[in-house]
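Now for the letters of each chain:
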Amino acid sequence: MKPRKHIHHFALLLGLIALILARCSAPQPSVKPDPTTPFEPTTKPKVSLKKHEFEIPREFRAAWVATVANIDWPSQPGLTTDQQQTEAISLLDSAVILNLNAIIFQVRPQCDAFYASEIEPWSYFLTGEMGKAPEPYYDPLAFWVEEAHKRGLELHTWFNPYRAHHPSGKLNESSIIYSAPELVRKIDNGYQWLDPAMIETQNHSFSVVMDVVKRYDIDGVHFDDYFYPYSDIEFPDDDTWQTYLVHKGRLKRDDWRRESVNVFMKRVYDGIKAEKPWVKFGLSPFGIWRPGYPASIQGYDQYDKLYADAKLWLNEGWVDYWTPQLYWPTRKIPQSFPVLLGWWNNENTHQRHMWPGLFTSKIKDETDALENFSQIMISRGMVPDRPGNVHFSMKALQQNYGGVSDILRSGPYVEPVLIPPSPWLDDLAPAAPLVELELRSGKVHLNWLHENIADVNKWVIYLQRGENWTYQILSSQNEALILPYVIRSEDGMTAPEVLDMVAITAIDRLGNESERIYISVR
């Protein structure tokens with residue numbers, strides 16, 4: 001854990017002196033004052049601490065980027081590196097325009113890899129040939145992480161832990177189906193699956209996840225709703241089951257299957273925390289735990305069919321955020337969105353993040369889009385402290401299905417927000433930055449430095465003009481900002497807005513915010 005850090009207002013002016021001396025060795029800000037502009041002396045900034053008159057909103061706003069069957073990215077297998085990167089940047093830029101703050105990027109759709117791996121082959125959905133690297137070579141996950149962070153977006157890596165083959169892909173000898181056939185089971189509709197009850201399966205999938213956690217600067221690991229498969233046949237695990245019985249296993253067969261998944265889920269959560277405690281683990285299970293929970297709910301039984309005891313995982317706190325796939329309208333009584341959300345929220349005994357998934361890709365018209373809007377507002381109302389939602393999928397938002405992006409951009413996503421903190425992982429705020437403010441030629445020049453830039457993920461700039469507060473969220477790469485001192489109305493009839501007060505805070509990667517020190521501009 002990082003040490004607790006504080007900075008007090010009475011030390012700020014001494015800090016500014018140190019700031020000037022530090023410039024000889026510190027990185028220069030991205031915006032440099034113009035040396036030809038004459039300096040206009042002003043009074044020294046007045047520094048004060050007071051009750052916050054404005055709090056920045058917090059909400060998780062994310063979208064899945066599905067790579068299986070080329071749902072979102074890349075648009076088809078075998079595109080050139082330039083085409084892949086252009087499409088990726090377009091998706092990320094669309095997320096920024098929509099004021100999202102996270103992307104959940106599928107890196108392992110079927111025992112393959114959208115990154116450089118020594119454990120599994122390159123994905124068919126990336127290059128059109130399993131095991132073939134991109135040409136010219138690049139690492140797609142490294143690219144997505146860098147470009148997402150550059151835009152102030154978290155990047156969560158989405159894994160399918162058990163699917164061995166999706167029928168829309170093409171197999172070759174690099175597939176696990178040929179390299180480790182003893183782990184693989186054929187099921188219906190062309191799918192093939194790893195046997196979740198085999199310790200070799202668990203070891204393999206765990207190694208895949210931890211390899212990415214160790215080597216990439218990711219913000220989260222994510223599993224969806226695929227555990228044992230959605231299938232019309234009994235899962236073909238007779239040999240594994242007989243081995244369990246020979247070793248005097250006592251569980252019933254269904255409980256044995258569920259226990260295999262339970263053990264793996266806890267192992268993944270503990271493994272991530274042991275390696276990088278700040279990397280969040282999120283799950284998006286099927287939205288219904290069991291029919292009858294609560295009483296009005298009907299539908300698919302993931303506990304009995306997928307052998308996924310999702311309620312247990314949430315009750316035990318083996319996650320950092322919970323994204324049940326609540327893909328039904330609010331007025332569909334057997335699967336009502338608010339009824340299910342309320343039930344899951346009551347099961348959230350460890351107070352983890354509750355960020356339900358929305359079926360945005362199902363939108364066909366404005367009525368559907370408005371339903372999506374309503375579900376966001378219901379989520380905010382039912383989970384007011386740390387709200388959030390995840391949209392399936394990014395393509396639907398980028399292509400503005402039913403006008404949904406217009407509705408969100410002018411309504412609930414009208415301005416950018418910060419991701420809620422995760423206090424069970426880290427509740428220690430970073431130190432406040434050292435800030436230098438100068439008023440020259442009608443412009444307010446802000447420069448700042450931090451004692452531990454590695455502890456900074458974002459900056460927030462708070463601005464007061466009259467009685468109005470606004471804010472800007474900047475990436476940690478920024479160290480300077482130039483603002484107009486006076487904003488005049490275009491018609492000249494409205495009184496000008498004068499910048500009165502400024503505060504700059506540091507945000508760490510788990511959303512903790514530094515002390516806010518207010519600096520008077522005049």
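See the structure above.
Residues numbered from 1 in each chain as written. Predicted model: local features only at pLDDT ≥ 70, side-chain atom pairs only at ≥ 80, totals over all residues. Heavy atoms only, no water.

### Quick notes on the overall build of the chain
- Along the backbone of the chain there are 14 helices and 21 strands.
- Against the 2.2 N^0.38 benchmark of 24 Å for 522 residues, the chain shows a C-alpha radius of gyration of 26 Å, consistent with a compact globule.
- Expressed as lengths along the three principal axes of its C-alpha atoms, the size of the chain is roughly 85 × 50 × 40 Å.
- Sorting the 522 residues of the chain into buried and exposed places 56% on the buried side.
- Of the accessible surface of the chain, which amounts to about 22,500 Å², a share of 53% is contributed by carbon and sulfur atoms.
- For the chain, the separation between the mean place of its 52 positive charges and that of its 66 negative charges on side chains is 3 Å. (Helix = DSSP H or I, 4+ residues; strand = E, 2+ residues; numbered from the N terminus. Rg over C-alpha atoms; globule rule 2.2 N^0.38 Å. Buried < 20%, exposed > 50% of the residue type's maximum accessible area, 1.4 Å probe, protein only. Areas by Shrake-Rupley, 256 points an atom, 1.4 Å probe, with all protein chains shown as cover. Lys, Arg positive; Asp, Glu negative; His and termini not counted. Charge placed at Lys NZ, Arg CZ, Asp CG, Glu CD.)

### Some details on the pattern of salt bridges
- Inspection of every chain in the model, using the stated rule, returns 24 salt bridges.
- In this structure, the salt-bridge partner of Arg509 is Asp219, at a minimum N-O distance of 2.8 Å. Taken together, the positions of Arg509 in the loop between strand S20 (497-507) and strand S21 (518-520) and Asp219 in the loop between helix H6 (199-215) and strand S8 (220-223) put the pair 290 residues apart, joining distant regions of the chain.
- The class of Arg509 is partly exposed, set by a relative accessible area of 22%.
- For Asp219, a relative accessible area of 4% puts it in the buried group. (Salt bridge = Lys/Arg side-chain N within 4 Å of Asp/Glu carboxyl O.)

### So, the packing of aromatic side chains
- Throughout the structure, instances matching the rule amount to 42 aromatic pairs.
- Aromatic side chains Trp73 and Phe114 sit 6.0 Å apart centroid to centroid with 50° between the ring planes, which places their arrangement in the tilted category. Residue Trp73 is located in the loop between strand S2 (60-65) and helix H2 (81-97), and its partner Phe114 is located in the loop between strand S3 (102-108) and helix H3 (124-127); the two are separated by 41 residues in the primary sequence. Phe114 matches Trp73 in its accessibility class, with the two residues each being buried.
- For the pair Trp193 and Tyr226, a centre-to-centre distance of 6.4 Å together with 55° between the ring planes defines the contact as tilted. Here Trp193, found in strand S7 (residues 192-194), pairs with Tyr226, found in the loop between S8 and helix H7 (238-246); they are 33 residues apart in sequence, far enough to count as distant.
- Classification of Tyr226 by relative accessible area gives partly exposed; the value is 27%.
- Taken together through their ring pairs, the aromatic side chains of Trp193, Tyr226, Tyr230, Phe286, Tyr300 and Trp328 make up a single cluster.
- Over the face of the ring belonging to Tyr226 we find Arg163, whose NZ or CZ atom lies 5.1 Å from the ring centre.
- Geometry around Trp289 places Lys311 over its ring, the cationic atom sitting 5.5 Å from the centre. (Phe/Tyr/Trp six-rings, centres within 6.5 Å; stacked < 30°, edge-to-face > 60°. Lys NZ or Arg CZ within 6 Å of the ring centre and 35° of its normal.)

### Notes on unusual backbone geometry
- Cis geometry is adopted by the peptide bond preceding Pro136, which originates at Glu135 and carries an omega value of -10°.
- Within the secondary structure, Pro136 sits in the loop between H3 and helix H4 (140-150).
- In this model, Phe392 is joined to Ser393 through a cis peptide bond whose omega is 0°.
- Counting through the fold element by element, Ser393 comes out in the loop between strand S13 (388-391) and helix H13 (394-398).
- Despite not being glycine, Asn70 shows a phi value in the positive range, around 55°.
- For Asn70, a relative accessible area of 11% puts it in the buried group.

### Comments concerning the sheet that holds strand S15 (residues 443-449)
- Strands sit in the order S14-S15-S18 across an open sheet of three strands; the sheet is antiparallel. In the strand order of this sheet, the two ends are held by strand S14 (434-440) and strand S18 (480-484), each with one partner. For this sheet, the mean inter-axis angle between neighbouring strands, taken without regard to orientation, is 20°. (Pairing = 2+ DSSP bridges. Axes fitted to C-alpha atoms, helices over the stretch in contact; angles between N-to-C directions.)

### Here we look at the side chain of Gln335
- Residue placement: Gln335 occurs in the loop between strand S10 (321-322) and helix H11 (337-346).
- Classification of Gln335 as buried rests on a relative accessible area of 11%.
- Residue contacts for Gln335: discarding those within four places in its chain leaves Ile288, Ile297, Gln298, Gly299, Trp328, Pro329 and Leu340. (Contact = heavy atoms within 4.5 Å.)

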